[in-house]
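Coordinate inspection notes
Residue-level listing of the chains:
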Amino acid sequence: MSSMSAEYHRDYLDQGDNRERHNARCRAAYAKDNAGKAATHKKRYGETLSDTLARFEAQGFVCASCGSGHPGNKTNQWATDHCHKTKKVRGVLCGPCNWAIGHAGDSPRRLRLMALYLERTDVR
Ligand SMILES: [Zn+2]
């Protein structure tokens, strides 16, 4: 599944009961990854694990930022992204997107400038 392109993956999910089977696998994996974390999760993010799971399912079990279907970090777990000021959940992200947003200080301006910098200095 990891070698599927996003387009192929979408087509695959539209066939038969593939989407429901995919969602069931993703729900089970999310529950397994987060077993025993219910109290901490609610305290940290102000919503229950099932609220976040419903949010993740509505995202199609992909990163809300880059659309990746893989967590992309060592722990192989998805990140619950939240605003550090209001503590409200924004979405479920892959590790690299969550890391980048956090290290950019949650600043859309800085993230845009970083993208422009990379395009302007493309040395490939
Ligand atoms: Zn991402």
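Residues numbered from 1 in each chain as written. Predicted model: local features only at pLDDT ≥ 70, side-chain atom pairs only at ≥ 80, totals over all residues.

1. Structural notes on helix α3 (residues 38-45)
The line we're drawing: Neighbour density around each residue's C-beta defines its exposure: 20 or more other C-beta atoms within 10 Å make it buried, 12 or fewer make it exposed, and counts between make it partly exposed, where C-beta atoms are placed from the backbone. By the criteria applied, helices consist of DSSP H or I runs no shorter than four residues and strands consist of E runs no shorter than two, each listed in order from the N terminus.
When you tally the buried positions in α3, you get zero out of eight residues, a small fraction of the element. Phi turns positive one or two residues past the end of α3, at Gly46, with a value near 70 degrees.

2. Details of the environment of Gly60
Along the chain, Gly60 turns up in the loop between α4 (49-58) and β1 (79-82). Taking C-alpha positions, Gly60 is 29 Å from Leu113, a pair spaced 53 residues apart along the chain.

3. A short note on the domain arrangement of the protein chain
Threshold: Source of the domain bounds: an automatic or database domain assignment. Placing a C-beta atom from the backbone of each residue, one calls two residues in contact when those atoms lie within 7 Å. Following the grouping adopted for this structure description, the nonpolar residues are Ala, Val, Leu, Ile, Met, Phe, Trp, Tyr, Cys and Pro, the charged ones are Asp, Glu, Lys and Arg, and the polar ones are all others, Gly among them.
Segmenting the protein chain into domains produces domain 1 (1-45) and domain 2 (61-124). The straight-line distance from the C-alpha centre of domain 1 to that of domain 2 is 19 Å. Taken together, the seven residues of domain 1 in the interface contact eight residues of domain 2. Among the elements of the structure, α1 (6-13) and α2 (18-33) are those that each provide at least two residues to the side of domain 1 that touches domain 2. Tallying contributions element by element places α2 first for the side of domain 1 that touches domain 2, with three residues. Its residues assigned to classes, the side of domain 1 that touches domain 2 comprises three nonpolar, three polar and one charged.

4. Considering unusual backbone geometry
Not every positive phi belongs to a glycine, and Asn76 is a case in point at roughly 60 degrees. Relative to the helices and strands, Asn76 resides in the loop between α4 and β1. Backbone geometry places Lys87, a non-glycine residue, at a positive phi of 65 degrees. Note on placement: Lys87 falls in the loop between β1 and β2 (89-93).

5. Notes on the pairing of β1
Convention followed: Any two strands between which DSSP finds at least two bridges are classified as paired.
Of the pairings in the sheet, the one linking β1 to β2 comprises four bridges and is antiparallel in character. Pairing of His82 across the sheet is with Val89, part of β2. The turn linking β1 back onto β2 is made up of six residues, and Lys87 within it adopts a positive phi angle of 65 degrees.

6. Some points on the environment of Leu93
For Leu93, the location among the structural elements is in strand β2. Given 26 C-beta atoms within a 10 Å radius, Leu93 is considered buried. Sequence separation between Leu93 and Cys63 is 30 residues, and the spatial gap between their C-alpha atoms is 4.4 Å. Once residues lying within four places of it in the same chain are set aside, the contact partners of Leu93 are Cys63, Ala64, Ser65, Ala79, Asp81 and Asn98.

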